[in-house]
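# What the coordinates show
Here are the chains, one letter per residue:
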Amino acid sequence: MLDRRDKALRKLRKEIRSGIYSYLILSMLKKEDMHGYFIRKRLEEIDLAPSEGALYDILKSLQKLGLIEGFWVMEKRPRKFYRLTDLGRDVLKELELEVKKILRALRGESDER
């Protein structure tokens, strides 16, 4: 059985990461179109990969919001790629401002810059 500390850490890590995953995926798709496996590998490189099932749930959620769109590319085998929509670019700009504000707060800096 988990002690209170471990239980609290698991819950809070999950909460922090759930929003971060969406932000990171949008940021990655700003630079280039990617398929799900490549997105997961990029997230693994920074030690922040969600489970495969969770990743595809996030991608579906971002699609439902109209922030990304999926399309098929015929390579050796068909692969579903994702790209940022115009709405996704607009929302990402706002999220980037929010992340900057959060980082300033974490560093103890004033928002008056």
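What you see is a predicted model; the values in this text were computed from it and never measured. (Residues numbered from 1 in each chain as written. Predicted model: local features only at pLDDT ≥ 70, side-chain atom pairs only at ≥ 80, totals over all residues. Heavy atoms only, no water.)

### A closer look at the nonpolar core
How we decide: Residues grouped as a nonpolar core are buried Ala, Val, Leu, Ile, Met, Phe, Trp, Tyr and Cys residues, joined through side-chain atoms within 4.5 Å. Categorising residues by exposure relies on relative accessible area from a 1.4 Å probe, with only protein chains included: less than 20% of the type maximum marks a residue as buried, more than 50% marks it as exposed, and the intermediate range marks it as partly exposed. Put simply, DSSP H or I for four residues or longer makes a helix, DSSP E for two residues or longer makes a strand, and each gets a number counted from the N terminus. Any pair of residues with heavy atoms lying within 4.5 Å of one another is described as a contacting pair.
Of all hydrophobic cores here, the largest spans 19 residues; its most connected members are Ile-25, Leu-29, Ile-39 and Ile-68. Every element with two or more residues in this core is listed here: α1 (4-31), α2 (36-45), α3 (52-64) and β3 (78-84). It is α1 that provides the largest number of residues to this core, a total of 7 residues. With residues near it in sequence (within four places) discarded, Ile-68 still touches Leu-26, Leu-29, Leu-59, Leu-62, Gln-63, Tyr-82, Arg-83, Leu-84 and Thr-85.

### A look at the environment of Ala-54
Structurally, the position occupied by Ala-54 is in helix α3. Spatially, the C-alpha atom of Ala-54 lies 9.4 Å from that of Ser-18, the residues being 36 residues apart in sequence.

### Quick look at the pairing of β3
The cut-off we apply is this: Only when DSSP finds a minimum of two bridges between them are two strands counted as paired.
Of the strand pairs in this sheet, strand β1 (residues 34-35) and β3 are connected by 2 bridges, and their pairing is antiparallel. Paired with His-35 across the strands is Phe-81, a residue of β3. What sits between strand β2 (residues 68-74) and β3 in their antiparallel hairpin is a turn of 3 residues.

### Remarks on the sheet that holds β1
Threshold: Lines fitted to C-alpha atoms define the axes here, with helix axes fitted over just the stretch in contact, and angles between the N-to-C directions of these axes take values from 0 to 180 degrees.
Overall, antiparallel pairing links the 3 strands, which are arranged β1-β3-β2 in an open sheet. This sheet does not close on itself; its edge strands, each paired only once, are β1 and β2. Taken together, the 7 bridges between β2 and β3 define a ladder with antiparallel strand orientation. Bridge pairing in β3 places Gly-70 opposite Tyr-82. Strand contacts of α1: β1, β2 and β3, with the helix running at about 95° to β3, the strand carrying the most contacts.

### Focus on α3
Quick note on the threshold: To estimate the expected span of a helix, count its residues, drop one, and scale the result by 1.5 Å. By definition, the arc is the one covered by directions from the helix axis to the C-beta atoms.
End to end, α3 covers 19 Å across 13 residues, agreeing with the expected 18 Å (1.5 Å per residue, within 8%). Residues of α3 that are buried: Leu-55, Ile-58, Leu-59 and Leu-62. Seen end-on, α3 carries its buried residues on one side only, within an arc spanning 100°. α3 presents Lys-60 and Lys-64 as exposed residues on the side facing more than 90 degrees away from its buried surface. Buried residues in α3 make contact with α1, α2, β2 and β3.

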